[in-house]
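Below, each chain spelled out in residue letters.
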Amino acid sequence: MTYDPARGKRIREAISRGKFRKVHALAAELNVSVAAVSRWQNGGHTSLESACALARLLDVSLDWLLLGRGAIDGHKNSTISATELLAVGVHLIAGCWKK
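Residues numbered from 1 in each chain as written. Predicted model: local features only at pLDDT ≥ 70, side-chain atom pairs only at ≥ 80, totals over all residues. Heavy atoms only, no water.

On to the environment of arginine 69. Considering the arrangement of structural elements, one finds arginine 69 in the loop between helix H5 (62–67) and helix H6 (82–94). Judged by its relative accessible area of 47%, arginine 69 is partly exposed. Aside from chain neighbours lying at most four places away, what touches arginine 69 is Asp63 and Trp64. There is a polar contact of 2.7 Å between the side chain of arginine 69 and the side chain of aspartate 63. (Helix = DSSP H or I, 4+ residues; strand = E, 2+ residues; numbered from the N terminus. Buried < 20%, exposed > 50% of the residue type's maximum accessible area, 1.4 Å probe, protein only. Contact = heavy atoms within 4.5 Å. Polar contact = N/O pair within 3.5 Å; in protein donor to acceptor, adjacent residues only side chain to side chain.)

Put into structure tokens, the structure is as follows:
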């Protein structure tokens, strides 16, 4: 992902809210260098794999972390919209849903 200072700010916020107070500990848990975490915090390049691991570890929404969409804890919303429910129902009725 390209340079994005707003993403860096969100990453700093997520880290500050998380259980990791030391960047060294976070880097070790993610199996990356401290320099990589520092680069992310400054809006530098991150791989999708690293972003997913970071979001999972810090328990934040990946959508929020990468794109600034939704809420930081948006991933915890387990409700399903009426449109999504209808789509699932149509697939079940049509016999298209695979287990």
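Turning our attention to the pattern of salt bridges. For the coordinates displayed, the defined rule picks out three salt bridges. Among the salt bridges present, the one from glutamate 13 reaches arginine 17, with a minimum N-O distance of 3.8 Å. With a gap of four residues between them, glutamate 13 and arginine 17 both fall in helix H1 (residues 5–17), about one helical turn apart. The class for arginine 17 is exposed, based on a relative accessible area of 54%. Taking the shortest distance from any N to any O, the salt bridge between lysine 76 and aspartate 59 comes out at 3.1 Å. Separated by 17 residues along the polypeptide, lysine 76 in the loop between H5 and H6 and aspartate 59 in the loop between helix H4 (48–58) and H5 bring together distant segments of the chain. Using a relative accessible area of 39% as the deciding quantity, one classes aspartate 59 as partly exposed. (Salt bridge = Lys/Arg side-chain N within 4 Å of Asp/Glu carboxyl O.)

Right, let's get into unusual backbone geometry. One non-glycine residue, asparagine 31, lies in the positive phi region at around 60°. With respect to the helices and strands, the residue asparagine 31 is situated in the loop between helix H2 (23–30) and helix H3 (34–41). With relative accessibility at 73%, the residue asparagine 31 sits in the exposed group. With a phi angle near 55°, aspartate 59 is a residue other than glycine that sits in the positive phi range.

Turning to H3, its buried residues number three or more, namely Ala36, Val37, Trp40 and Gln41. One side of H3 carries all its buried residues, which in axial view fall inside an arc of 140°. The inward-facing, buried residues of H3 abut H1, H2 and H4. Downstream of H3 by a residue or two, glycine 43 has a phi angle that is positive, lying close to 85°. (Arc of directions from axis to C-beta.)

As a packed pair, H1 and H3 sit with axes 7 Å apart at the nearest point and diverge in direction by 120°. Considering the angle they form, H1 stands oblique to H3. Seen from H1, the contacting residues are Gly8, Lys9, Ile11, Arg12 and Ile15; seen from H3, they are Val37, Trp40 and Gln41. Each residue belonging to the contact of H1 with H3 can be placed in one class, and the counts come to four nonpolar, two polar and two charged. (Axes fitted to C-alpha atoms, helices over the stretch in contact; angles between N-to-C directions. Parallel < 35°, antiparallel > 145°, perpendicular 65-115°, else oblique. Nonpolar A, V, L, I, M, F, W, Y, C, P; charged D, E, K, R; others polar.)

No statement about biological role is implied by the geometric values presented.
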